[in-house]
Amino acid sequence: MIQEKYKFDTKVQYLKYKVLREVAKLAWEDKLLENVMDIPKMIIPGKIPTMRCCVYKERAILAERVKLAMGGNPENPNVIEVIDIACDECPAAGYEVTTSCRGCLAHRCEDVCPRQAIFIDQNHVAHIDKSKCIECGKCAKICPYSAIANRKRPCQNACKVKAISMDEEQAALIDNEKCIACGACVYQCPFGAIMDKSYILKAIDLLKNNKNQKVYAVVAPSISSQFTYAKLGQVITGLKNLGFHTVIEAALGADMVAQAESRELAEKGFLTSSCCPAFVSYIKSAFPELTEHISHNLSPMATIAKYIKETTENSKVIFIGPCTAKKSEAQLENVKPWIDTVLTFEELQALFDSRDINLTVLEEDVLDNASYFGRIFARSGGLSDAVSQGLKEQNLTDFELLACTCDGIEECRAALMKKKRNILNANFIEGMACTGGCIGGAGCLTHGEKNKAQVDAYGKEAMEKTISDSVSVLHIVKK
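Please read these numbers as outputs of a predicted model, since none were measured by experiment.

Scoring rules and cut-offs
Residues numbered from 1 in each chain as written. Predicted model: local features only at pLDDT ≥ 70, side-chain atom pairs only at ≥ 80, totals over all residues. Heavy atoms only, no water. Helix = DSSP H or I, 4+ residues; strand = E, 2+ residues; numbered from the N terminus. Rg over C-alpha atoms; globule rule 2.2 N^0.38 Å. Buried < 20%, exposed > 50% of the residue type's maximum accessible area, 1.4 Å probe, protein only. Contact = heavy atoms within 4.5 Å. Areas by Shrake-Rupley, 256 points an atom, 1.4 Å probe, with all protein chains shown as cover. Lys, Arg positive; Asp, Glu negative; His and termini not counted. Charge placed at Lys NZ, Arg CZ, Asp CG, Glu CD. Polar contact = N/O pair within 3.5 Å; in protein donor to acceptor, adjacent residues only side chain to side chain. Core = buried A, V, L, I, M, F, W, Y, C linked by side-chain atoms within 4.5 Å. Salt bridge = Lys/Arg side-chain N within 4 Å of Asp/Glu carboxyl O. Pairing = 2+ DSSP bridges. Right-handed = clockwise from strand over helix to strand, strands pointing away. Phe/Tyr/Trp six-rings, centres within 6.5 Å; stacked < 30°, edge-to-face > 60°. Axes fitted to C-alpha atoms, helices over the stretch in contact; angles between N-to-C directions. Expected span 1.5 Å × (residues − 1).

Looking at the overall build of the chain
Part 1: Counting secondary structure elements, the chain contains 20 helices and 15 strands.
Part 2: Its C-alpha radius of gyration of 24 Å places the chain within 12% of the 23 Å reference for a compact globule of 479 residues.
Part 3: Counting over 479 residues, the chain shows a buried share of 54%.
Part 4: If you take every contact in the chain between residues at least 6 apart in sequence, the share linking residues at least 24 apart comes to 74%.
Part 5: Only carbon and sulfur atoms are counted for the fraction: they give 50% of the accessible area of the chain, which is about 22200 Å².
Part 6: Averaging the coordinates of the 59 positive side-chain charges in the chain and doing the same for the 60 negative ones gives two points 2 Å apart.

Listed below in structure tokens is the structure:
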């Protein structure tokens, strides 16, 4: 069997996976409540600490990870939470004078500081008074020796929407009004002190009751770049072995969205995409005046789930993908009726192993087909390509698509700012909060450049060659 640690990019992911796996194992056996306190000891059975000062602190942190694996704090609406006890190893953030300071006579840093936060000692070495510093960075820019460094914490560096600050105890603090639940901080925190809540227990409850209901797995097209130790057909078989009735591509929903969104774009003349929930949240929080331009189409996840529930009685839908923000999207009033819960690829791996399902020995099953254009939604630029194709197929060629493809939230900010100032030379903004698109999502098992090529290759395997062909098959099934 494949060694567990080779399924993940980091040891933090591996630790998170082990907690999820143990929680899932006990949940399948209806033994979770009576054994939940023993999970930290199961993961760290000895008395020798492996990462922290003592084994007791390690277990205390693991206990908090267990809580998040069981759904987290119900009073916190955000799906991203901070484990305060684990957030104590990073140095204080902010600008600091390093040993590269040469004690020069010019003291440009002192002169440029607007708050007189820099003082010079008897050796002409600069120091920063943190109580006065406003983090403007002017001193760092003007220092001829580059001796002043910005010691931002990894989570703050990762959060491009500036939703993370520090509390009085110097633990990370998330501003829920700014947070878009992209999960970048979750993936980048070296100590795993920030995690996304898991709804794996709800998924297990649905699967355990599959005799009374049909549980559908809607899988994101980025699944083609995950579980690289097995074949995609084996992953599909593994899902059915877990108890899913049918496995359907979210890319089918993407085809439906591409068709509808291209029509909406031609009708309105300007749109921002609605597929990435983190991007949509960012517009609403940072650029509320542009909210009216967000496409009125549901995301591919919600679109195909809505189709399933409207055409199949007593059906339940679990979305499986790379995105932590999808967990937030599933709680929205216009999405909640269609999606029962959301799992990441990390959580799916834990589910497989909680049932001792070895994907590598399974026979291959077939995944329901979507078009090439629906499948490439997984990577940056794919949605724009699909909208272009949708315009062509519906003979809307009088409308000229001028797409602005935004790869990552910083590019999204730049495009939205230009639109706000009416200087954007585009009529469609494709926004992807994660770099690379969905293939760079925080809930991926692996992250890398090769993922884009794998998604494109997967798209070329599609049986349906056009969006219209893909959507027409759905209509036939519905009739």
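A closer look at the side chain of Gln-234
Part 1: Assignment of secondary structure puts Gln-234 in helix H10 (residues 232–242).
Part 2: Polar contacts involving the side chain of Gln-234 include one to the main-chain carbonyl oxygen of Leu-362, which spans 3.0 Å.
Part 3: With near-sequence residues (within four places) excluded, Gln-234 lies in contact with Leu-359, Thr-360, Val-361, Leu-362, Glu-363 and Glu-364.

With respect to the nonpolar core
Part 1: Ranked by internal contacts, the top residues of the largest apolar core, which has 90 residues, are Leu-239, Leu-242 and Ile-320.
Part 2: Excluding anything up to four places from it in sequence, Leu-239 contacts Val-219, Phe-244, Val-247, Ile-320, Leu-348 and Phe-352.
Part 3: In terms of nonpolar packing, the next biggest core, distinct from the first, is built from 47 residues, Ile-61, Ile-194, Ile-294 and Ile-409 among them.

Quick look at unusual backbone geometry
Part 1: Residues other than glycine seldom take positive phi values, yet His-107 does so here, at roughly 50°.
Part 2: Even without a glycine there, the phi angle at Asn-422 is positive, about 60°.
Part 3: Take Asn-422: it is sitting in the loop between helix H18 (409–420) and strand S15 (428–432).

Observations concerning the pattern of salt bridges
Part 1: Per the stated rule, a full pass over the model turns up 20 salt bridges.
Part 2: The residue Glu-96 makes a salt bridge to Arg-151 at a minimum N-O spacing of 3.6 Å. Placement of the pair is Glu-96 in strand S2 (residues 95–97) and Arg-151 in the loop between strand S5 (148–150) and helix H7 (154–158), with a sequence separation of 55 residues.
Part 3: Across the pair Lys-306 and Glu-310 runs a salt bridge whose closest N-O atoms are separated by 2.8 Å. Of this pair, Lys-306 and Glu-310 both sit in helix H13 (residues 300–311), separated by four residues, roughly a single helical turn.
Part 4: Residues joined by salt bridges that share partners form a network here, namely Lys-16, Asp-196, Lys-327, Glu-346 and Glu-347.

Regarding the pairing of strand S9 (residues 214–219)
Part 1: Most of S9 is tucked away, with five of its six residues classed as buried.
Part 2: Where S9 lies against strand S12 (residues 315–321), six bridges are found, and the strand directions are parallel. Bridge pairing in S12 places Val-219 opposite Ile-320.
Part 3: Pairing geometry for S9 and strand S10 (residues 246–249), over four bridges, is parallel. By the bridge assignment, Ala-217 is partnered in S10 with Val-247.
Part 4: Viewed along the sheet, the connection from S9 through H10 into S10 turns out right-handed.

Some remarks on the packing of aromatic side chains
Note on aromatic pairs: each is described by the distance of the centres and the angle between the planes.
Part 1: The full count for this structure, using the stated rule, is seven aromatic pairs.
Part 2: Ring centres 6.2 Å apart and planes at 40° place the aromatic pair Phe-8 and Tyr-14 in the tilted group.
Part 3: Here Phe-8 falls in the buried class, since its relative accessible area comes to 7%.
Part 4: Relative to Tyr-17, the ring of Phe-8 has its centre 4.9 Å away and its plane inclined at 40°; by these criteria the two rings are tilted.
Part 5: A residue is classified by how much of its surface remains accessible, and Tyr-17, at 1% relative accessible area, is buried.
Part 6: By the ring-pair criterion, three or more aromatic residues cluster together here, those being Phe-8, Tyr-14 and Tyr-17.

A few points about the sheet that holds S10
Two modes of strand pairing occur in sheets, parallel and antiparallel, and in both the strands are linked by backbone hydrogen bonds.
Part 1: Strands sit in the order S10-S9-S12-S13 across an open sheet of four strands; the sheet is parallel. The open sheet has two free edges, formed respectively by S10 and strand S13 (341–344), since each of these has just one partner strand. Neighbouring strand axes in the sheet, compared pairwise and without regard to direction, differ in orientation by 30° on average.
Part 2: Where S12 meets S13, four bridges bridge the pair, whose relative direction is parallel. Counted as the bridge partner of Gly-321 is Thr-344 from S13.
Part 3: Its contacts with the sheet put helix H9 (residues 200–208) on S9, S12 and S13, and the angle it makes with S13 is roughly 115°.
Part 4: Contacts between helix H15 (residues 345–354) and the sheet are confined to S12 and S13, with S13 contributing the most and set at about 85° to the helix.

Focus on the sheet that holds strand S14 (residues 403–407)
Part 1: Read from one edge to the other, the open sheet built from three strands follows the order S11-S15-S14, with strand pairing classed as parallel. For this open sheet the edge positions go to strand S11 (271–272) and S14, each flanked by a neighbour on one side alone.
Part 2: Pairing of S14 with S15 involves five bridges; the strand directions are parallel. Bridging across to S15, Asp-407 finds its partner in Met-432.

Digging into the environment of Cys-104
Part 1: Tracing the sequence through the fold places Cys-104 in the loop between S2 and helix H5 (108–112).
Part 2: Judged by its relative accessible area of 26%, Cys-104 falls in the partly exposed class.
Part 3: On a C-alpha basis, the gap between Cys-104 and Val-125 in space is 7.7 Å, while along the polypeptide they are 21 residues apart.

Quick word on helix H11 (residues 250–268)
Part 1: Between its first and last C-alpha, H11 extends 26 Å over 19 residues, near the 27 Å set by a 1.5 Å rise per residue.
Part 2: Burial runs high along H11: 15 of the 19 residues are buried.
Part 3: Once H11 ends, the next one or two residues include Gly-269, with phi positive near 90°.

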